[in-house]
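# Close look at the chain arrangement
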Amino acid sequence: MENKSIHLKNRKVLKISGANCIEFLNNILTSDISKLKPKEALPSALLSPQGRILFYMLVSSNNLNKSLNDKSVLVEYDMDHQNELIKKLNMYNLRREVTIEKTSYEVLVTTNNSDYPHTLIDKRFFNEILRRVYIKDQSEIKNNDVNDDKNINWYDLLRYKNSILEGSKEIETNVSLPLETNLDLLGGISFDKGCFIGQEVNARIKWKGVVKRKYVPISIQSKKLSYLKLNNLDKKKIFLENKEIGEIICLLYNKEDDLWYGIAKITLSNLYSFELDKNLEGDFLDAKIKINFPKFMLPLPKKI
């Protein structure tokens, strides 16, 4: 991939600090914070007691401050839910032994490791080509890191092809289950570290294989689709042999190959047919839709 960068203005960063910050986050988030490695950003989530995703985030060790006394974790999150996330974290911080504060960091994503001195490997992308950068001063942002439609398209396209959701517009708050969004397969849930909020529900789902839906990458070849038409649809339903099997969550057009790419939520019982037959296609409006499973999703989970 050619070197590309993008400034994500919809993403912000919290700093969680204090002697007990690792233990605090480990008790409430899905991932094992104690195993964070330098220069890595791992997916994680704060769930409801019923096991639904309230806040999806990326967590990393704070390597930007070299002070040995600065024991802290950085949490990257969707700006739309900033106040709710801070309020929820403070609610669980009962003894006030942990400090939760906003930072001025700007979030960049880049495929070029040489442009910036401090980068974090985004571990959701298994080939490790994508890095995240947290910058304090906007003057450090390179001229090509501009948040416009032309520039952001490559990042969303890469996410969609790898079935990587991000933000409240793609992950339904207090509705989506972590195993539906493949958070477990992306290293965002630890079932070995002990309890966390919503752990019991998701452990039962994992061991019994009873997840009902999965988010999967899709592609569509159609001259008739348009953003305007898609935005006006209340439900973006997908069918297989006249049977409704799911719906489209997000979609974008890629001019380079004249295809639409996106992520859809499909019932697991119907996904088995697509797993067995790679040429099988679903129906969306007047177009055919293909499901492109990334390697990490296969084989699909089977009910025990």
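Heads up: the structure comes first, above all this text.
Reference entry: report on the structure contained in this document. Quick caveat, the model's predicted, so the values are computed rather than measured.

### Digging into the pattern of salt bridges
Taken as a whole and judged by the stated rule, the model has 15 salt bridges. Of the charged contacts in the structure, one is a salt bridge between Arg124 and Glu166, with a shortest N-O distance of 2.9 Å. Of the two residues, Arg124 sits in the loop between strand S8 (120-122) and strand S9 (131-135) while Glu166 sits in the loop between helix H3 (149-161) and helix H4 (199-208), which places them 42 residues apart along the sequence. Take Arg124 and Glu166: they sit in the same class, and that class is buried.

### Remarks on the pairing of strand S12 (residues 243-254)
Where strand S11 (residues 237-240) meets S12, 4 bridges bridge the pair, whose relative direction is antiparallel. Bridge pairing in S12 links Lys237 to Glu247. The antiparallel pairing of S11 with S12 creates a hairpin that spans 2 residues between the two strands, and Glu241 there sits at a positive phi of about 55°. Here 8 bridges tie S12 to strand S13 (residues 259-267), and the two strands are oriented antiparallel to one another. Looking across to S13, one finds that Leu251 is bridged to Gly262.

### Looking at the packing of aromatic side chains
Following the criterion strictly, the structure yields 5 aromatic pairs and no others. Arranged with centres 6.5 Å apart and planes meeting at 25°, the rings of Tyr105 and Tyr134 form a pair that is stacked. Residue Tyr105 is located in the loop between strand S6 (99-102) and strand S7 (106-110), and its partner Tyr134 is located in strand S9; the two are separated by 29 residues in the primary sequence. Here Tyr105 matches Tyr134 in class, with each residue buried. Between Trp154 and Tyr155, the ring centres sit 6.1 Å apart and the planes meet at 70°, which makes this aromatic pair edge-to-face. Like Tyr155, Trp154 is buried. A cation sits over an aromatic face here: Lys161 above Tyr261, 4.7 Å from the ring centre.

### Concerning H4
Gln199, Val201, Asn202, Ala203 and Ile205 are the residues of H4 that are buried. Gly209, located one to two residues past H4, shows a positive phi value of around 65°.

Cut-offs applied
Residues numbered from 1 in each chain as written. Predicted model: local features only at pLDDT ≥ 70, side-chain atom pairs only at ≥ 80, totals over all residues. Heavy atoms only, no water. Salt bridge = Lys/Arg side-chain N within 4 Å of Asp/Glu carboxyl O. Helix = DSSP H or I, 4+ residues; strand = E, 2+ residues; numbered from the N terminus. Buried < 20%, exposed > 50% of the residue type's maximum accessible area, 1.4 Å probe, protein only. Pairing = 2+ DSSP bridges. Phe/Tyr/Trp six-rings, centres within 6.5 Å; stacked < 30°, edge-to-face > 60°. Lys NZ or Arg CZ within 6 Å of the ring centre and 35° of its normal.

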